[in-house]
Amino acid sequence: MKIIRLTINGQGVEARQGMTVLEAAQEAGIYIPALCSDPDLEPYGGCRLCVVEVEKMRGQPTACTTLATDGMVVHTETPEVNRIRRNTVELLIADHPMDCLTCIKNQRCELQKVAAYLSISERRFPRTDRSLPIDNSNPFFTLDRNYCILCAKCVRACDEITVVNAIEIVDRGYESRVSTFGDKPLFESICQSCGECVVRCPVAALVAKDAIQPMREVETICPYCGVGCGMYLGIRDGRIVSVRGSRENQASNGRLCVKGRYGIAEFIHHPERLSAPLIRRNGKLTETSWDEALGLVASRLASYSKDQVAVISSAKCTNEENYIIQKFTRAVLGTNNIDHCARLCHAPSVAGLAQSFGSGAMTNSNSDIGDAACILAIGTNTTETHPVIGFNVKKATRKGTRLIVANPRQIGLVRFADVWLRQRPGTDVALLMGIAKVIVDEGLHDSSFISERCENFDAFKESLKGFDLSLVEKITGVPQNQIAEAARLYATNRPGAILYSMGITQHSHGTDNVIAIANLAMLTGNIGKPGSGVNPLRGQNNVQGACDMGALPNVYSGYQPVSDPKVKEKFESAWGSTLSPTAGLTISEIFDAAYQGKLKALYLVGENPLLSEPDASHVREALSRLDFFVAQDIFLSESAELAHVVLPGTTFAEKEGTFTNTERRVQRVRKVIEPLGNSRADWLITCQIAQLMGGKDFDFEHPSQIMDEIAQLTPSYGGISFERLETGGLQWPCPTKEHPGTPILHTTKFTRGKGKFIPLEYKPSVELPDDEYPLVLTTGRSIFQYHTGTMSRKVKGLNIFKNEEQVELNPEDARKLGIADDDTIKVISRRGEVTAKARVTEASPAGVVFMTFHFAESPTNLLTNPAVDPIAKIPELKVCAVRVEKIVQPS
Amino acid sequence: MVITTTTGEPVENNIKEQLDDILSRYNKGRESLIPLLQEVQERFGYLPEESMEAIANFLKLSNSTVYAVSTFYAQFKLTPTGKRLVKVCRGTACHVRGGARILREVEKRLGIKPGETTENREYTLETVACIGACALAPTMTVDKETYGQMTTKKAAEIFSDQSKAK
Ligand code: SF4
Ligand code: SF4
Ligand code: SF4
Ligand code: FES
């Protein structure tokens, strides 16, 4: 970048080309009052406080909108400049409340700072009294327009950063105010409560409701989703009192969503946190000592044969913990019966992409989504489930990126899409093959990429013959011209990125869906370049890491197969024990085996399968048939209630470790407070059980030592250490201490050498609607809740937004069934029935009903189908047949 | 009572169809926003909330953005106005001679508060600081006509048709 030199107040200053005068001054430590500029927002020039004088320029330009140029001579403190500033501030404070001493922003207020700098000590203009309504409707923050100085930072944040546009400056002249559509309360508006506006407000107009000043801050990673946003947690008196986005974090650049910003402290400090180990005495869970609980667990687990025990690990736990848990399972329990909830989300990505590319992870990075010329978002409700990546996608469309949304439901991204393909649930293979067929038929494919980098193209091309567009239209319900339009958009606007999530994976043909996506990307050469790629968005905060660490029944850390003799030998000598070469049971198989009485004991860490697994009554029965069931969690979850021993683990804020986010970035999680009550870090608990059972090399004193062992045994993590992570995350593969990490996979060759085209057939979902069960149930998530709600439902404000299941159904179906909004209805499948409120909405297509799985009162997974994908063993959570009935309430 | 638009069609009945019809003649670019708002206002006499939502959807804008533009320009009306505008004076002179009682009576007769419009879109009620006819206080105007030395009885008579209409 070109360096330019300018003079500010007689001082020589260096700046980079493209910087504004304001930025150059700030970097040189020269203060210029400024109330409407923000490093994350476009220059605005609204407040006119940053006026300066520039030699050879007329008037007093605003420094925030004037580019610094070579040789420029700037004066920031001339009498005229200060006269203008003083006048401006005096006008601003003319109708400002001025109760600074009792104002929540006292000492942190930008207006105060500017007034002090300009030595303003009295009101010169008479006070114009106005008292505007205060909007208190949002549970997390307040909008008090009486303090507002109309800098528009909030409005611009909601426009430029989140691209929600919930707030605007409405009306004109003296009546101008920050408001929403129809001047409705924020809570009733489309506001997503991310707080990006609140953190930028210079005064006390937009303020967090529980704003407490922290004594110190610790940088860590959000525990709520796979985006892996960086955050500073503020502590005061042993409690977490504040959350602030970390601008240095490369995954998120300081952005946070509602859960990350406002959903942390309350669940960590919740009174229901487990604070002591529990064991079941006379049928009741009773508090006990760690010694007794651990002793019991160790002796009971030791009493079963290898194939009678299984372990379920947690995608919420750190890498170090997942590594220790799988090491314990394999080296001490002697079995490969270990799995975790990735089985329920991205097992098909791991399996499918391994076949096509050789490694099953997001190929590109969060930040390069913006570089795409076209984005195909299929089976992902990105703005709800990965909100900060959702910001990036929407922002990209503003800058001209074409967006194709393929989703049966009218999700938030549809508003930004060039084309919306509304396929029937479960017909993605047909849709993607149809798109591929158009691309090949019209010669839009990248022949040189295909011939140089891929193999098996001819067989694939042959298989496209089965996907005549009229047939595809019949299967998917998407008109042919839309399919063709999408194909042309994606093939001709390169680079093109494909984003997908559980709408693709949670099917009995989930692996095929993933392969269809991989085929499409290879077909257009959209692999290995910035802004391209196949990007599975991982759900839980560390689900990528839990997979990487080998919390899977068939691989050690770094996807090294348990069946490979060389690998087995390596781990046997490292761990000093004999290991099993046969793959263990997957999650669903674990529950089946428990149900059949073949599996006797289960060690469950940080998961709540009663709500997350399909066919929940089967899971409940399986858990209660166990001879010995130990659950380790931070709350007594619905599943843990059935356990014989419950061990209190800690939240992410009470331990050291790392998470690996969806873009393979290994990031440092730091201990912010001591473990609450008598809880212990999960890695320590597992190590202690292992040691009691005679396990060797479990005497770690700090998770950094565990990472050192991981690095030694895991090629893709070979260069990763806590020391290196101090300065920022590293994206694997990172094989050596010198390696800078890998933002984009498969740049010059695929992990497996050549990318493999795999021919596909369309297979319908296992359970299709019929006369008895005429509707399709599809499931998903809400931005305001997380997974089975164990954490997020402890946060009052999040519950205010969504605290009960709402079954979404199309107006047409609702009319036929005589159902109106808020009616109580019963959803019935072959496996069970669930009662919930109805929400009639065009967002759901006719014939399809939608539910989330966050709520124990309406356990959606009583209904879902446990039929699994033959390769990835993921259950078909996205499609099952149901019937809906209205419950007539006795009046 | 059927509420009609300026072109004589019923408003709320088929607002959606009418909007679809209007929208179908525009480009989806942001430059269509103001012409669209103008046409919708011409059709309905004001900008119903659902019309702003529909325009937002059509132009891929947020509803708040459309609202901001609608409130920025004085030409746009966000509430329906009645065929006739009633102004009750709240100036000092009128106040001293019982203006408040007159306002209460008018509110009662029309069934609305200042700033509102009767359901049948006959009248919109407003208050004014002074209409400059203090000698006649208490006063009131209906469109261009001024009524002086008002009494509650007079007010009741003036709006007698309204109570029948309801
Ligand atoms: S909280 Fe987020 S979505 Fe809501 S107004 Fe602020 S920036 Fe916009
Ligand atoms: S609410 Fe705050 S950020 Fe928004 S315009 Fe007012 S002062 Fe600026
Ligand atoms: S997007 Fe995900 S990681 Fe980021 S703040 Fe929200 S929940 Fe946390
Ligand atoms: S900071 Fe430059 S005009 Fe406000």
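Position numbers for residues start from 1 in each chain and track the written sequence from start to end. Key to labels: chains lettered from A, ligands numbered from 1, both in the order written. Totals for whole chains, interfaces and linings use all residues, but because this is a predicted model, local features are given only for residues with pLDDT of at least 70 and pairs of side-chain atoms are given and counted only at 80 or more. Excluded from the side-chain calculations are hydrogens and water; all other atoms, namely the structure's heavy atoms, are used.

1. Notes on the site of ligand 1
The criterion for a residue being near a molecule or strand is simple. One of its heavy atoms has to lie within 4 Å of it. Around ligand 1, a shell composed of A:Phe141, A:Cys158, A:Val164, A:Ile167, A:Cys191, A:Gln192, A:Ser193, A:Cys194, A:Gly195 and A:Cys197 is seen. Under the grouping applied here, Gly and all other residues not named as nonpolar or charged are polar, the nonpolar ones being Ala, Val, Leu, Ile, Met, Phe, Trp, Tyr, Cys and Pro and the charged ones Asp, Glu, Lys and Arg. Of the residues contributing to the shell around ligand 1, the split by class is seven nonpolar, three polar and no charged.

2. Re helix H4 (residues 63–72) of chain B
Among the 10 residues in H4(B), nine count as buried, and that is most of the element. Under the scheme applied here, a residue whose accessible area is under 20% of the maximum for its type counts as buried, over 50% as exposed, and between as partly exposed, the area being computed with a 1.4 Å probe on protein chains only. Each helix is a run of DSSP H or I of at least 4 residues and each strand a run of E of at least 2, with the numbering of both proceeding from the N terminus. Taken together, the buried positions of H4(B) are B:Asn63, B:Ser64, B:Thr65, B:Val66, B:Tyr67, B:Ala68, B:Val69, B:Ser70 and B:Thr71. Between two residues, a contact is recorded if the distance between any of their heavy atoms is within 4.5 Å. Contact partners of the buried residues in H4(B): strand S7 (168–170) and strand S8 (177–179) of chain A together with helix H2 (33–44) and helix H3 (49–59) of chain B.

3. Digging into the side chain of A:Thr66
Residues and elements named next belong to chain A. The topology assignment puts Thr-66 in the loop between strand S3 (53–54) and strand S4 (73–75). Between N or O atoms, a polar contact is any pair within 3.5 Å; within protein, one atom must be a potential hydrogen donor and the other a potential acceptor, and residues adjacent in sequence are included only when both atoms are from side chains. Here the side chain of Thr-66 touches Thr-62 through a polar contact of 2.7 Å, landing on its backbone oxygen. If near-sequence neighbours (up to four positions away) are discounted, Thr-66 is found in contact with Thr-20, Val-21, Met-57, Pro-61 and Met-72.

4. Things to note about the sheet that holds strand S12 (residues 239–245) of chain A
Residues and elements named next belong to chain A. Strand pairing is assigned whenever DSSP identifies at least 2 bridges connecting the two strands. Sheet architecture is open: three strands sit in the order S10-S11-S12, paired in antiparallel fashion. In the strand order of this sheet, the two ends are held by strand S10 (216–221) and S12, each with one partner. Ignoring strand direction, the axes of neighbouring strands in this sheet form an average angle of 30°. Relative to strand S11 (residues 230–236), S10 is paired through six bridges, and the arrangement is antiparallel. Each residue of the ladder has a partner; that of Thr-220, found in S11, is Met-231. All axes are obtained by fitting lines to C-alpha atoms, using only the stretch in contact for helices, and the reported angles, taken between N-to-C directions, cover 0 to 180 degrees.

5. Some details on the state of the cysteines
Count a disulfide wherever a pair of cysteine sulfur atoms falls within 2.5 Å. Counted under the stated rule, the structure contains zero disulfides over all chains. Counting only cysteine sulfurs, A:Cys374 is the nearest neighbor of A:Cys454, a cysteine outside any disulfide, at a range of 19 Å.

6. A word on the sheet that holds strand S29 (residues 665–669) of chain A
Residue and element names in this part refer to chain A. With respect to topology, three strands assemble into an open sheet ordered S28-S29-S30, the strand pairing being antiparallel. Because the sheet does not close on itself, it has two edges, and the strands there are strand S28 (657–660) and strand S30 (730–731). Pairing analysis gives two bridges linking S29 to S30, with the strands arranged antiparallel. Looking across to S30, one finds that Val-666 is bridged to Leu-730. Each of S28 and S29 touches helix H8 (residues 319–332); the most contacted strand, S28, lies at about 95° to it.

7. Concerning the packing of helix H9 (residues 347–356) of chain A against helix H18 (residues 510–523) of chain A
Residue and element names in this part refer to chain A. Between H9 and H18, the least distance of the axes is 8 Å, while the angle of their chain directions is 45°. Viewed along their axes, H9 and H18 adopt a mutual orientation that is oblique. Here H9 and H18 pass one another in a crossing that is right-handed. Between H9 and H18, the residues in contact are Pro-348, Ser-349, Ala-351, Gly-352, Leu-353, Gln-355 and Ser-356 and Gly-510, Thr-511, Val-514, Ile-515 and Ala-518, respectively. Split by residue class, the contact of H9 with H18 holds six nonpolar, six polar and no charged. Angles are sorted into four bins: roughly parallel if under 35 degrees, roughly antiparallel if over 145, roughly perpendicular if 65 to 115, and oblique for all others. Rotating anticlockwise by less than a right angle from the far helix to the near helix defines a left-handed crossing, while the corresponding clockwise rotation defines a right-handed one.

8. Brief notes about the site of ligand 2
Taken together, 13 residues surround ligand 2, and among them A:Cys148, A:Cys151, A:Ala152, A:Cys154 and A:Cys201 come closest. Residue classes in the shell around ligand 2 are distributed as 12 nonpolar, no polar and one charged.

9. A closer look at the interface of chain B and chain A
The interface of chain B with chain A comprises 15 residues on the first partner and 19 residues on the second. In short, buried area is how much 1.4 Å probe accessible area vanishes from two parts on joining, totalled over both. Buried area between chain B and chain A, both sides added, is near 1,400 Å², and the carbon and sulfur share of it is 53%. In terms of surface lost to chain A, no three residues of chain B exceed B:Lys60, B:Ser64 and B:Tyr67, which account for 38% of the buried area on that side. In this structure, the salt-bridge partner of A:Lys184 is B:Glu49, at a minimum N-O distance of 2.8 Å. The interface formed by chain B and chain A includes 11 residue pairs in polar contact (both at pLDDT 80 or more). The element contributing the most residues to the side of chain B that touches chain A is H4(B), with seven residues. The salt bridge criterion pairs a side-chain nitrogen of Lys or Arg with a carboxyl oxygen of Asp or Glu, the two atoms within 4 Å.

10. Quick notes on the domain arrangement of chain A
Accessible area lost during the coming together of the parts is what is often quoted as the interface size. All names here are of chain A. A domain assignment, automatic or from a database, supplies the domain bounds used here. The assigned domain composition of chain A is domain 1 (3–117), domain 2 (141–208), domain 3 (216–268), domain 4 (278–345 + 542–731), domain 5 (347–536) and domain 6 (775–886). Centre-to-centre separation of domain 4 and domain 5, based on C-alpha positions: 34 Å. Contact residues are listed per partner, giving 12 residues for domain 4 and 15 residues for domain 5. When the two sides are added together, the surface that domain 4 and domain 5 hide from each other amounts to roughly 920 Å², 46% of it contributed by carbon and sulfur. Inspection of the region where domain 4 meets domain 5 yields zero salt bridges. The tally of links from domain 4 across to domain 5 stands at five residue pairs in polar contact (both at pLDDT 80 or more). Of the residues contributing to the side of domain 4 that touches domain 5, the split by class is five nonpolar, four polar and three charged.

11. Topic: the side chain of A:Lys153
Residues and elements named next belong to chain A. By secondary structure assignment, the location of Lys-153 is in helix H4 (residues 153–161). All tallies of charge rest on Lys and Arg as positive and Asp and Glu as negative; His and the ends of each chain are not included. We note that Lys-153 is buried and unpaired, the nearest opposite charge coming from Asp-38 at a distance of 4.7 Å. If we ignore the near neighbours within four places in the chain, the residues touching Lys-153 are Leu-35, Cys-36, Ser-37, Asp-38, Leu-41 and Arg-200.

12. Comments concerning empty space enclosed by the protein
In this approach the atoms are scanned with a rolling probe the size of a water molecule, which exposes any empty space left behind. Residue and element names in this part refer to chain A. The definitions used throughout rest on a 1 Å grid laid over the protein atoms alone, on which a cavity is an enclosed set of points accommodating a 1.4 Å probe that cannot get out and a pocket is an open set flanked by protein within 12 Å on both sides along at least five of seven lines; lining residues are those having an atom within 4 Å of a point. Grid points are joined across faces, edges and corners, and a volume is the space filled by probe spheres set on the points. Taken as a whole, this structure holds eight cavities of 30 Å³ or more when the rule is applied. In this model, the largest cavity occupies a volume close to 310 Å³. For the largest cavity, the lining is made up of 23 residues, of which Gly-379, Asn-407, Gly-503, Thr-779 and Lys-878 are closest to its centre. Mapped onto the lining of the largest cavity, the elements with two or more residues apiece are helix H17 (502–505) and strand S32 (775–780). Among the elements that line the lining of the largest cavity, the one with the most residues is S32, at three residues. Here the residues of the lining of the largest cavity are counted per class, giving six nonpolar, 13 polar and four charged. Residue assignment places the lining of the largest cavity across two domains, with domain 5 (347–536) and domain 6 (775–886) each supplying three or more.

13. So, the domain arrangement of chain B
The domain boundaries assigned to chain B delineate domain 1 (11–72) and domain 2 (84–165). On a C-alpha basis, the centroid separation for the pair domain 1 of chain B and domain 2 of chain B is 34 Å.

14. Observations concerning the packing of aromatic side chains
Residue and element names in this part refer to chain A. Aromatic contacts are taken between Phe, Tyr and Trp rings whose centres are within 6.5 Å, Trp giving its six-membered ring; a plane angle under 30 degrees counts as stacked, one over 60 as edge-to-face, and the others as tilted. The final tally for this structure, using the stated rule, is 19 aromatic pairs over all chains. Aromatic side chains Phe-571 and Trp-575 sit 5.0 Å apart centroid to centroid with 65° between the ring planes, which places their arrangement in the edge-to-face category. With Phe-571 and Trp-575 both in helix H20 (residues 565–575) and four residues apart, the pair spans about one turn of that helix. Overall, Phe-571 belongs to the buried group, its relative accessible area being 0%. Taken together, the ring pairs connect Tyr-323, Tyr-556, Phe-571 and Trp-575 into an aromatic cluster.

15. Here we look at the packing of helix H2 (residues 79–94) of chain A against helix H3 (residues 110–117) of chain A
Residue and element names in this part refer to chain A. For the pair H2 and H3, interaxial distance at closest approach is 10 Å and the crossing angle is 135°. Between H2 and H3, the angle is such that the two are oblique. Taken as a pair, H2 and H3 cross one another with a handedness that is left-handed. Contacts between H2 and H3 involve Arg-85, Val-89, Leu-92 and Ile-93 from the first element and Leu-111, Val-114, Ala-115 and Tyr-117 from the second. When the residues that make up the contact of H2 with H3 are grouped by side-chain class, the tally is seven nonpolar, no polar and one charged.

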